[in-house]
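Inside the fold
The primary structure of each chain is shown beneath.
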Amino acid sequence: MIAEKMKGMVANSSAIRAMFEEGNRLAKLYGAENVYDFSLGNPNVAAPQAVKDAIVELVTGSDPVILHGYTNSNSGYEDVRQIVAESLNKRFQTSFSSENIVMSVGAAGGLNVILKTLINPGDEVIVFAPYFGEYRSYTSNYDGVLVEISPNTVDFQPKLDEFEAKITPKTKAVIINTPNNPTGVVYSEETIKKITAILEAKQREYKTDIYLISDEPYRELAYDGVKVPWLTKYYDNTIVGYSYSKSLSLPGERIGYLVIPDEVADSGDVKAAANVATRILGFVNAPTLQQKVVAKCINEKTDISFYDRNKETLYNGLIDCGFECIKPQGAFYLFVKSPVENEKEFCEAAKKYNILMVPGSSFACPGYVRLAYCVSYETIVNALPKFKKVAELYFSCTGR
């Protein structure tokens, strides 16, 4: 008999993964070229050549016992952490050292490490809807209580009045994700300043420490000159979680890091506990080969012009058909308003044309669907006539 907690998790298994598996099933029936799968944020851009070169150089030129062995610290290789720290210092005018960096098994591993570090049973973790649904499970893993801020469907900036009202003495952490999955919205500097001012006031009021956890796998994917604020500049109790899954197209390699600044409350204890949490959660240390790879490729970036072209083509095509959607500023998702109240009904209608989308209720925002446009350009071009047919079920296409 499986654990009681797992029964609920199995029953509510990720709709994103389920839709991806449905795409595989349809591809076998109709051919992959005839299935338009926008379900999973799996980059379709190859990793930079420098990544391949670094792997070859490391594998052929390093002592394999050392390269594939445990790291001396569960936080990762000290030289790699120092390279990451110096890169951040150069980019954001910070003053981090290796001691402020914990290499992690992707952003998800990093979030679990920091929540394990901080959360006592019953502590509250605030999230802004729409949000990445796995935050529910990550919080539940440590018997925390997830507190949702309802979505602002006008511009998808957070509802700050509701946020302020829902902070309590039990609030231990706030998770922020910008550029946002699923909307592609970047929280403005004005929004960040208001969030942090509220947190500062609440810390004083309750005499507690509230940690702002910035989940940043999409930081490098911002378009049209949009700047993504670096949050440690605005609030001392900020911890950053980063992943190379999107910036270097390495989602399967599971490599990222946490930034724990010295300004964080009880920073010495937090850093020490994150180091231990990395071990006792079973990660032991982040993948050693990939730590060395990202250190060699610290200045490399995926060419986001590919995603930008996909964004423009899909966004404009859907708008032409009469769909409503906020134009994303980052990441690689469109969050489209469903033409019917029940967005799952809309997803089922689209599936009849082999279009796969994720219902917004998976992100605590029903009435919308998410489309991941990190697919081939041909997939988008070929999908648009199918979207037009779906649109005709609900309203007349305008065309251009």
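Scope of this entry: the structure provided in the associated data block. Remember, it's a predicted structure, so these values are computed and weren't measured experimentally. (Residues numbered from 1 in each chain as written. Predicted model: local features only at pLDDT ≥ 70, side-chain atom pairs only at ≥ 80, totals over all residues. Heavy atoms only, no water.)

With that settled, consider unusual backbone geometry. Look at the link from A129 to P130: it is a cis peptide, with omega at -5 degrees. Locating P130 in the fold gives a position in the loop between β3 (124-128) and α7 (134-140). Across the junction of T178 and P179, the peptide omega takes the value -5 degrees, indicating a cis bond. Relative to the elements of secondary structure, P179 occurs in the loop between β5 (171-177) and α9 (189-206). We note that Q93 has phi near 55 degrees; this positive angle belongs to a residue other than glycine. Considering the arrangement of structural elements, one finds Q93 in the loop between α5 (78-92) and β2 (101-104). Given the relative accessible area of 60%, Q93 is considered exposed. (Helix = DSSP H or I, 4+ residues; strand = E, 2+ residues; numbered from the N terminus. Buried < 20%, exposed > 50% of the residue type's maximum accessible area, 1.4 Å probe, protein only.)

The nonpolar side chains of a soluble globular protein tend to be buried, and buried together. In terms of nonpolar packing, the biggest core is built from 37 residues, with F38, L314, L371 and F387 touching the most fellow members. At the level of secondary structure, the elements contributing two or more residues to this core comprise α13 (305-320), β10 (333-337), α14 (343-351), β13 (368-372) and α15 (377-392). Among all residues touching F38, those that are not within four sequence positions of it are L314, I355, L356, R370, L371, A372, V375, T379, I380, A383 and F387. Counting 29 residues, the second largest nonpolar core, distinct from the first, contains L58, L88, L248 and V293. (Core = buried A, V, L, I, M, F, W, Y, C linked by side-chain atoms within 4.5 Å. Contact = heavy atoms within 4.5 Å.)

Between α13 and α15, whose axes approach to 10 Å, the crossing angle comes to 5 degrees. As judged from the angle between their axes, α13 and α15 are roughly parallel. Only Y377, I380, L384 and F387 of α15 make contact with α13, whose side of the interface consists of F306, R309, N310, T313, L314, G317 and L318. For the contact of α13 with α15, the residue count by class is seven nonpolar, three polar and one charged. (Axes fitted to C-alpha atoms, helices over the stretch in contact; angles between N-to-C directions. Parallel < 35°, antiparallel > 145°, perpendicular 65-115°, else oblique. Nonpolar A, V, L, I, M, F, W, Y, C, P; charged D, E, K, R; others polar.)

It is worth spelling out the pairing of strand β4 (residues 145-149) at this point. Of the strand pairs in this sheet, β3 and β4 are connected by five bridges, and their pairing is parallel. Across the sheet, the residue bridging to F128 is I149, located in β4. This β-α-β element, β3 to α7 to β4, shows right-handed connectivity. (Pairing = 2+ DSSP bridges. Right-handed = clockwise from strand over helix to strand, strands pointing away.)

Moving on, we get to the sheet that holds β13. Strand order in the open sheet made by the four strands is β9-β10-β13-β12, with antiparallel pairing throughout. In this open sheet, the two strands that pair with only one neighbour each are β9 (324-325) and β12 (358-359). Pairing geometry for β9 and β10, over two bridges, is antiparallel. Looking across to β10, one finds that E324 is bridged to K337. Sitting on the sheet, α13 is in contact with β9, β10 and β13, with an inclination near 10 degrees to β10.

We now examine the sheet that holds strand β6 (residues 211-215). Reading across from one edge, β2-β8-β7-β6-β5-β3-β4 is the order of the seven strands in this open sheet, with mixed pairing throughout. Taken across any chain shown, the strands that pair with only one partner, and hence form the sheet edges, are β2 and β4. Across the sheet, the axes of successive neighbouring strands diverge by a mean angle of 20 degrees, strand direction being ignored. The sheet contact formed by β6 and strand β7 (residues 238-243) spans four bridges and is parallel. The partner of D215 across the bridge, within β7, is G241.

A complete count under the given rule lists 22 aromatic pairs for this structure. Measuring from ring centre to ring centre gives 6.5 Å for F128 and Y187, while their planes differ by 90 degrees; the resulting arrangement is edge-to-face. Residue F128 is located in strand β3, and its partner Y187 is located in the loop between β5 and α9; the two are separated by 59 residues in the primary sequence. Measuring from ring centre to ring centre gives 5.4 Å for F323 and F395, while their planes differ by 75 degrees; the resulting arrangement is edge-to-face. Taken together, the positions of F323 in the loop between α13 and β9 and F395 in the segment after α15 put the pair 72 residues apart, joining distant regions of the chain. When its relative accessible area of 4% is taken as the criterion, F323 is described as buried. The partly exposed category is assigned to F395, whose relative accessible area is 27%. The rings of Y218, F306, Y307, F332 and Y333 are connected pair by pair, giving a single aromatic cluster. Sitting over the ring of Y377, R309 keeps its end group 3.7 Å from the ring centre. Over the ring of Y223 we find K311, and its NZ or CZ is 5.0 Å from the ring centre. (Phe/Tyr/Trp six-rings, centres within 6.5 Å; stacked < 30°, edge-to-face > 60°. Lys NZ or Arg CZ within 6 Å of the ring centre and 35° of its normal.)

Examined against the element boundaries, T117 turns out to sit in helix α6 (residues 106-118). Engagement of the side chain of T117 in a polar contact is seen with the backbone oxygen of V113, the distance being 2.8 Å. Side-chain polar atoms of T117 contact the backbone nitrogen of A274, separated by 3.5 Å. With sequence-adjacent residues up to four places away left out, T117 is seen in contact with V270, A273, A274 and A277. (Polar contact = N/O pair within 3.5 Å; in protein donor to acceptor, adjacent residues only side chain to side chain.)

Regarding α14, the residues found buried are E343, F346, C347, A349 and A350. All buried residues of α14 project into a common sector of 160 degrees when viewed along the axis, lining one side. Packed against the buried residues of α14 are β11 (355-356), β12, β13 and α15. Backbone nitrogen of K344 and a side-chain oxygen of the N-cap are separated by 3.0 Å at the start of α14; the cap is N342. (Arc of directions from axis to C-beta.)

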